[in-house]
Amino acid sequence: MRIFMDTANIEEIRRGVTMGVVDGVTTNPSLVAKEGIEYRDRVLEICEVVQGPVSAECISETADALVEEARRIAEWHEHVVVKIAMTEPGLEAIRRVSAEGIRVNTTLIFSPNQALLAARAGATYVSPFIGRLNDIGHDGMAVVRESVKILENFHLPTQVLAASIRLPRDVTEAALVGSHVATIPADVLFQMVKHPLTDQGIDRFLADAQKYNAV
Ligand code: E4P
């Protein structure tokens, strides 16, 4: 499973990339709004740091406007993947821009049927939102699992990108059900590195190493 970071914070992204495990980044208007910077400027900064796909979201609401916006955003940088929300005009726009070779991440996916439609329209990625489904008492991971299975059944090339991740365990489960990608908030990614027994083990080895270094 490939690992993307779900943040628009450049320092977090630099730290993740330096760790050597980050294959891409996803942003959305809410994440960029927190940074107090122009969307395009931040996406370009991220594209220079990450050697992989960087999702940037379209906000238009009609198919024609989405197509125009997607073309414009895709021109920003070769790493850019445009995000288009799962709506009827969104599907039309996905079909039209995918045919031009623009990569699309279909966002706000909350059911396997939505994932199937976006895949048939030509999306490169479909993003089921696990946390937001769990928040309303649904089983977010079931949407990831069923979407993976449906795409596999019909050999569709679209990749499932598990999004709205809140916990390290969400990442484990996404990997177990075969999600192609997980986009992970920085705090969750850095938590994944840690285990108390690892820290304890290092302390013990260091203490024991003192014994022979002292000889
Ligand atoms: C990523 O592409 C999504 O925009 C993001 O994972 C949404 O996460 P949230 O539900 O925590 O806002």
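Residues numbered from 1 in each chain as written. Predicted model: local features only at pLDDT ≥ 70, side-chain atom pairs only at ≥ 80, totals over all residues. Heavy atoms only, no water.

Colleague: How should the pairing of strand 5 (residues 104-109) be read in this particular structure?
Modeller: Side-chain positions along a regular strand alternate between the two faces of the sheet. Counting buried positions along strand 5 yields five of six residues, so the element is predominantly enclosed. At this point the chain moves from strand 4 (residues 80-85), through helix 5 (residues 88-98), to the parallel strand 5, and the crossover so formed is right-handed. As defined by bridge partners, strand 5 adjoins strand 6 (residues 125-128) across three bridges and the pair is classed as parallel. Looking at the pairing, isoleucine 109 lines up with proline 128 of strand 6. (Buried < 20%, exposed > 50% of the residue type's maximum accessible area, 1.4 Å probe, protein only. Helix = DSSP H or I, 4+ residues; strand = E, 2+ residues; numbered from the N terminus. Right-handed = clockwise from strand over helix to strand, strands pointing away. Pairing = 2+ DSSP bridges.)

Colleague: Any chance you could explain the sheet that holds strand 7 (residues 159-162) here in plain terms?
Modeller: Adjacent strands of a sheet form backbone hydrogen bonds with each other and so pair up, either parallel or antiparallel. The strand order around the closed barrel built from eight strands is 1-2-3-4-5-6-7-8, with neighbouring strands paired in parallel fashion. With direction set aside, neighbouring strand axes in the sheet form an average angle of 30 degrees. Summarising the sheet, strand 7 and strand 8 (residues 181-184) pair through two bridges and their orientation is parallel. Each residue of the ladder has a partner; that of leucine 161, found in strand 8, is valine 181. In the packing of helix 6 (residues 112-121) onto the sheet, contacts are made with strand 5 and strand 6, and the angle to strand 5 comes to roughly 160 degrees. (Axes fitted to C-alpha atoms, helices over the stretch in contact; angles between N-to-C directions. Contact = heavy atoms within 4.5 Å.)

Colleague: Could you clarify how one ought to interpret helix 8 (residues 140-153) in this entry?
Modeller: What sets the pattern is the α-helix's 3.6 residues per turn: residues three or four places apart point alike. With 14 residues, helix 8 extends 20 Å from end C-alpha to end C-alpha; this agrees with the ideal 20 Å at 1.5 Å per step. Among the structural elements, helix 6, strand 6, helix 7 (130-135), strand 7 and helix 9 (168-176) are those in contact with the buried residues of helix 8. The first or second residue beyond helix 8 is histidine 155, which carries a positive phi of 50 degrees. (Expected span 1.5 Å × (residues − 1).)

Colleague: Just checking my understanding: could you explain the site of the ligand for this structure?
Modeller: Contacts to the ligand come from Asp6, Thr26, Asn28, Lys83, Phe129, Arg132, Ala163, Ser164 and Arg166. One of the side-chain N or O atoms of arginine 132 is found 2.7 Å from an oxygen atom in the ligand. Within the contact set of the ligand, an oxygen atom lies 2.7 Å away from a side-chain nitrogen or oxygen of serine 164. For the ligand, the cavity whose grid points lie within 2 Å of the majority of its atoms is the largest pocket. (Near = heavy atom within 4 Å. Polar contact = N/O pair within 3.5 Å; in protein donor to acceptor, adjacent residues only side chain to side chain. 1 Å grid on protein atoms, 1.4 Å probe; cavity = no way out; pocket = protein on both sides within 12 Å on 5 of 7 lines; lining within 4 Å. Sits in = over half its atoms within 2 Å of the grid points.)

Interpretation note: all reported values are geometric properties and have no functional meaning in isolation.
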